[in-house]
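Survey of secondary and tertiary structure
Read off the chains here:
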There are 2 protein chains.
Amino acid sequence: MGVERERKFLVPGDEWRAEVVSVHRIRQGFLSTDLRRVVRVRVVDDNAGYLTVKGARHGISRAEYEYPVPVADAVEMLERLCLPGRIDKLRHVCGSEHYELIVDEFGGDHQGLVLAEVEYHGESTEAALPGWLGTEVTGDDRYSNAALAARPGTDEGSTP
Amino acid sequence: MGVERERKFLVPGDEWRAEVVSVHRIRQGFLSTDLRRVVRVRVVDDNAGYLTVKGARHGISRAEYEYPVPVADAVEMLERLCLPGRIDKLRHVCGSEHYELIVDEFGGDHQGLVLAEVEYHGESTEAALPGWLGTEVTGDDRYSNAALAARPGTDEGSTP
């Protein structure tokens, strides 16, 4: 099992764009949006597929089991089996030595939503974060991708 | 994607035991019991783990995606993340050149239930079946393992 330890923030402006080191297109859907047993199908850049299981969140930690699967399988599951409501986003990876910082710019039904995730590798969660991060929404289940997928067409702004 | 093509039968007597060539203990639970997108976690003989996704059934066919996962992951998902209600059964593999014939003898909450599954590899589904098979329950969703797991404690007999 892996344990995902992350904090999540809304991102109001465009200042973050200067720190982007790579961009990937992520399409994902869900076989279960039950937050105690989320099952996600993900296709990255149309050339990699993943099947991921996540357990209940405890604070900023969450059990996570991720397996690479053939991309053709992932595309089929995404298009034929997943629940209605999908996520289509550009994932911008920003550089930092203390944590992994990604900025997800949502398209489709969630156009306009920009969310940053800070994922910690070590024990410390105290490293200074960039000033351009907006309101912290860690633990706010409305901003889980599973919940977003289940609410297509919701008119979120990046600053609620 | 694989396509599972199988017929399912109740097994009333003990005649089948003479044809068994191997036995495995299967423990499994479900992350989704929605029959359009079943997600199953399976542990075989405590030394192999699988994560399996199944789509809706069309006749005797069903889309199936199965991936081996580390057995420690499978045990954790089974014990911590799966929905209440699990399946614990002995899977008896019987020999045949035309199809794969298995007899599942359920324990735990479903003690007394014995189900045979005939899985076809080629196109034909006409090969003669053994006379000891009872009532056919192909397509009867009450006998899907996902539905059984969701109904723990139900008092099924092998001949309803």
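Residues numbered from 1 in each chain as written. Chains lettered and ligands numbered in written order. Predicted model: local features only at pLDDT ≥ 70, side-chain atom pairs only at ≥ 80, totals over all residues. Heavy atoms only, no water.

It is worth spelling out the environment of Val 43 of chain A at this point. Residues and elements named next belong to chain A. Secondary-structure assignment places Val 43 in strand S3 (residues 37-44). Along the sequence, Val 43 and Val 69 sit 26 residues apart, while their C-alpha atoms lie 9.6 Å from each other. The residues contacting Val 43, other than those within four sequence positions of it, are Arg 25, Ile 26, Arg 27, Ala 48, Val 71, Ala 74, Val 75 and Leu 78. (Helix = DSSP H or I, 4+ residues; strand = E, 2+ residues; numbered from the N terminus. Contact = heavy atoms within 4.5 Å.)

Residues and elements named next belong to chain A. Around the barrel, which closes on itself, the eight strands sit in the order S1-S5-S4-S3-S2-S6-S7-S8 with antiparallel pairing between neighbours. Adjacent strand axes in the sheet meet at a mean angle of 35° when their direction is disregarded. Of the pairings in the sheet, the one linking strand S4 (residues 48-58) to strand S5 (residues 61-69) comprises eight bridges and is antiparallel in character. Paired with Lys 54 across the strands is Glu 64, a residue of S5. (Pairing = 2+ DSSP bridges. Axes fitted to C-alpha atoms, helices over the stretch in contact; angles between N-to-C directions.)

Turning next to the relation of the copies chain B and chain A. The transformation that overlays chain B on chain A combines an axial shift of 0.0 Å with a rotation of 180°, and the residual RMSD is 0.0 Å. Here the transformation between the copies is reduced to the relation of a two-fold axis. When C-alpha distances to the rotation axis are compared across chain B, the minimum falls at Ser 32 of chain B, with a value of 3.0 Å. By residue overlap, the copies meet face to face through one surface: 100% of the interface positions of chain B are interface positions in chain A. (Least-squares fit on C-alpha atoms with pLDDT ≥ 70 in both.)

One closed barrel holds the eight strands; their spatial order is S1-S5-S4-S3-S2-S6-S7-S8 (chain B), and the pairing between them is antiparallel. On average, each strand axis in the sheet is inclined to that of its neighbour by 35°, with strand direction left out of account. Sheet topology note: the strand S2 (residues 20-32) of chain B/strand S6 (residues 87-94) of chain B ladder contains eight bridges and is antiparallel. Note on S6 of chain B: the bridge partner recorded for Arg 27 of chain B is Asp 88 of chain B. Where helix H1 (residues 71-81) of chain A meets the sheet, it contacts strand S3 (37-44), strand S4 (48-58) and strand S5 (61-69) of chain B, and its direction lies at approximately 135° from that of S5 of chain B. Across the sheet, helix H1 (residues 71-81) of chain B touches S2, S3, S4 and S5 of chain B, and the angle it forms with S3 of chain B is around 120°.

Moving on, we come to the state of the cysteines. Applying the stated criterion across every chain yields a total of zero disulfides over all chains. Cysteine Cys 82 of chain B remains unbridged, with the sulfur of Cys 82 of chain A as its closest cysteine sulfur at 18 Å. Taking the relative accessible area as the measure of exposure, Cys 82 of chain B reaches 7% and is therefore buried. (Disulfide = S-S within 2.5 Å. Buried < 20%, exposed > 50% of the residue type's maximum accessible area, 1.4 Å probe, protein only.)

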